[in-house]
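# An overview of the molecular structure
These are the residues of each chain, in order.
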Amino acid sequence: MQFDLTEDQRAIQDMACKFTADAITPYAAEWDEKHIFPRDTIRAAAELGFGGIYVSEEAGGIGLGRLESAIIMEAMAYGCPSTSAFISIHNMTAWMIDRFGSQAVKDKYLPALVPMEKMGSYCLTEAGAGSDAAALKTKAVRDGDDYVVTGSKQFISGGGENEVYVVMVRTGEDGPKGISCLVIEKDMPGVSFGAQEKKLGWHSQPTAQVNFDGVRVPAENLVGAEGDGFKIAMVGLDGGRLNIGACSLGGAQRCLDEAINYTKDRKQFGQAIAEFQATQFTLADMETELQAARSLLYTAAVKVTENAPDKTRFAAMAKRFATDTGSSVVDRALQLHGGYGYLQDYPIERFWRDLRVHSILEGTNQVMRMIVARDMLRQ
C-alpha cells in the first residue's frame, strides 16, 4: 500500500476523471481548432475545488497535497493538456498568495481566485530573462504607499484575459536577492498586453506579453518581504513542475490508450497490427516508461508536500523525466497510427503539439539537469 493511492486519493482521481470525460474530452478538439478559451469549463472545475487545490482550507481552498494535485492535473490532461496546464498555473499563483502573502493581500484576492471568478497568472519570464530568470529587469520603485512598476513579461499564460498577475519585480540589487513579488491587477492604469501569441499548441489558453508602464501598485500588494521574490518564485516552481509533468503523463496515457485501440482495429497483411511483435514491443516500452515516470513524479510530489530536503532535486528530476517520456510516448503513438495520426481527425497530433512545450516551460529540461547535478555535487 505504500506505493499505491489511498481510497481518498482514488476518489479524487475518479471525480477528476469523470469531470474530464463529461466536460473536457468531448470539446477539446474544437477548443484547439478554434482557439477557444473555455472559461465556463474552467470555472466548473473550480466548483469541484480545483481552483484552490493546495490553498489552505482557512483561505477557502481544499488544502490537498501535491500528490492529489498531480492526480487531478493528470486526469484533466487526459482530455486537454492545455486546459489542465492553465488551471495548474492559476493554482500556483493562488498558493503563492496564500503561502507568502499578508492577511490583507490574502483577503483582497483569494476569495475571488479560489472559485476562479478571477483568474491568476504567474509572471517571471522576460524577453531577456528566460532560463536566467534572476536577470529580470522589470523594476518596482517605492513611492510613498505604492510601488511604481515598469517593464514587460513574456509568454504569460492568461495574458490579457486573467484579472490577477503575480509578478516578480526588481526592487533592489542585481541578481536574485534584489527581486520581490507583487500582485498587480489587469485594470490598474499602465497595464497593457501584447497581441495573442500564435503557438504550435496550447490553443485553448491565451498567451501574451504583459506590459507595465508606470503602474502604481499599493505596497500592501507585496507578497512576502522585499527581496524574497526569487525564493518565492522558485518554491512555486517546485509545484508547477510537478503539475506540468503530470499533464504530460495524462496526455501520454490518453495517446497510449488510443494507440492500443487503433492497433487492435487496424489490419494490414491479413491481421491486426497489434498482433505483430514489433507493435507489441513498442506498446510495452511505452507502458513501462510511462509507469516509471508516474512513479517518480508521485514520489517527488510527496517530497514537496512534506518539505523534504531533496524536494527540489526530485521535482526537477520528475519534471524532466515525465515531460520527455510523455512526448516520446505520444510520438510513438502517432507513429503507430501511421498517416492517420498526422490528421486532425484523430486526437494524437493535438497531444503531440500540446506536450512539446512542457520540456520548455517551468524551467527547461536542460535547466532541470543543472538543478539535479548541482544538488548532487553539493553533497
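The structure contained in this document is the topic of the report that follows.

What counts, and at which threshold
Residues numbered from 1 in each chain as written. Predicted model: local features only at pLDDT ≥ 70, side-chain atom pairs only at ≥ 80, totals over all residues. Heavy atoms only, no water. Helix = DSSP H or I, 4+ residues; strand = E, 2+ residues; numbered from the N terminus. Rg over C-alpha atoms; globule rule 2.2 N^0.38 Å. Buried < 20%, exposed > 50% of the residue type's maximum accessible area, 1.4 Å probe, protein only. Salt bridge = Lys/Arg side-chain N within 4 Å of Asp/Glu carboxyl O. Phe/Tyr/Trp six-rings, centres within 6.5 Å; stacked < 30°, edge-to-face > 60°. Lys NZ or Arg CZ within 6 Å of the ring centre and 35° of its normal. Expected span 1.5 Å × (residues − 1). Arc of directions from axis to C-beta. Contact = heavy atoms within 4.5 Å. Core = buried A, V, L, I, M, F, W, Y, C linked by side-chain atoms within 4.5 Å. Axes fitted to C-alpha atoms, helices over the stretch in contact; angles between N-to-C directions. Parallel < 35°, antiparallel > 145°, perpendicular 65-115°, else oblique. Left-handed = near helix turned anticlockwise from the far one by under 90°. Nonpolar A, V, L, I, M, F, W, Y, C, P; charged D, E, K, R; others polar. Pairing = 2+ DSSP bridges. Disulfide = S-S within 2.5 Å.

## Some remarks on the overall build of the protein chain
Looking only at helices and strands, the protein chain features 11 helices and 10 strands. Computed over C-alpha atoms, the radius of gyration of the protein chain comes to 21 Å, within 12% of the 21 Å expected from 2.2 N^0.38 for 379 residues, which places it in the range of a compact globule. Each principal axis of the C-alpha distribution contributes one length, and for the protein chain these read about 80 × 50 × 40 Å. Residues classed as buried in the protein chain amount to 54% of the 379 residues present.

## Brief notes about the pattern of salt bridges
Tallied over the full model, the rule gives 21 salt bridges. For E349, the salt bridge is made with R353, and the minimal N-O distance between the two is 2.8 Å. Here E349 pairs with R353, and both are found in helix α10 (residues 348-356), just four residues apart, close to one helical turn. For R353, a relative accessible area of 11% translates into the label buried. Three or more residues joined by partner-sharing salt bridges are found here, namely D32, E349 and R353.

## Side note on the packing of aromatic side chains
The relative placement of two aromatic rings is captured by the distance of their centres and the angle of their planes. This structure, assessed with the given rule, holds nine aromatic pairs. Seen from their ring centres, Y27 and W31 are 6.4 Å apart, and the 25° between their planes marks the pair as stacked. Relative accessible area serves as the criterion here: at 6%, W31 is assigned to the buried category. On the numbers, 6.5 Å between centres and 55° between planes, the contact of Y262 with Y340 is tilted. Here the residue Y262 occupies a position in helix α7 (residues 229-265), and Y340 occupies one in the loop between α9 (311-337) and α10, the gap between them amounting to 78 residues. Overall, Y262 belongs to the buried group, its relative accessible area being 11%. What makes Y340 partly exposed here is its relative accessible area of 38%. By way of ring pairs, the aromatic residues Y54, W95 and F100 are connected into one cluster. The ring of Y54 is capped by R66, whose NZ or CZ atom sits 3.7 Å from the centre of that ring. For the cation-ring pair, K303 lies above F314, with the distance from its terminal atom to the ring centre recorded as 4.5 Å.

## Section: helix α1 (residues 7-24)
Owing to its 3.6 residues per turn, the α-helix aligns residues three or four sequence positions apart on the same side. Here α1 is 18 residues long and its end C-alpha atoms lie 25 Å apart, about the 26 Å a rise of 1.5 Å per residue gives. Within α1, burial applies to Q9, I12, A16, F19, T20, A23 and I24. Taken end-on, α1 shows its buried residues confined to a sector of 100°, consistent with a single buried face. Residues of α1 that are exposed and point over 90 degrees away from its buried face: E7, D14 and K18. In this structure, the buried residues of α1 make contact with α2 (28-34), α3 (39-47) and α4 (66-77).

## Thoughts on the nonpolar core
If you look at the biggest cluster of nonpolar residues, it comprises 109 residues, and the most contacted ones within it are Y122, V149, M168, L182, I184 and L297. For this core, the element with the most residues is α7, which contributes 13 residues. Apart from the residues within four sequence positions on either side, I184 is in contact with V149, E163, V164, Y165, V167, V191, F212, V215 and V217.

## Some thoughts on unusual backbone geometry
A positive phi angle, close to 55°, is found at H35, a residue other than glycine. For H35, the location among the structural elements is in the loop between α2 and α3.

## Observations regarding helix α6 (residues 103-113)
All of the buried residues in α6 are V105, K106, Y109, L110, A112 and L113. Where α6 is buried, its residues contact α5 (81-100), β1 (120-123), β4 (164-170) and β5 (179-185).

## A few points about the side chain of T263
With respect to the helices, strands and loops of the structure, T263 is situated in helix α7. Given the relative accessible area of 0%, T263 is considered buried. Excluding its chain neighbours within four sequence positions, the residues that come into contact with T263 are A272, I273, A274, T279, L283 and L336.

## Here we look at the packing of α1 against α3
Two elements in contact, α1 and α3, have axes whose closest approach is 11 Å; the angle formed by their N-to-C orientations is 160°. On the basis of their axis angle, the class for α1 and α3 is roughly antiparallel. For the crossing formed where α1 meets α3, the hand is right-handed. Every residue of α3 that contacts α1 at F19, A23 and I24 is listed here: T41, A44 and A45. A class-by-class count of the residues in the contact of α1 with α3 yields five nonpolar, one polar and no charged.

## As for the pairing of strand β7 (residues 207-218)
As paired strands, strand β3 (residues 146-157) and β7 are joined by 10 bridges and run antiparallel to one another. Across the sheet, the residue bridging to V149 is V215, located in β7.

## With respect to the side chain of N243
Take N243: it is sitting in helix α7. Apart from the residues within four sequence positions on either side, N243 is in contact with Y54, S69, A70, M73 and S88.

## Observations regarding the state of the cysteines
By the definition in use, this model includes zero disulfides. Left without a disulfide partner, C80 is nearest to the cysteine sulfur of C247, which lies 9.4 Å away. Note on C247: relative accessible area 0%, which makes it buried.

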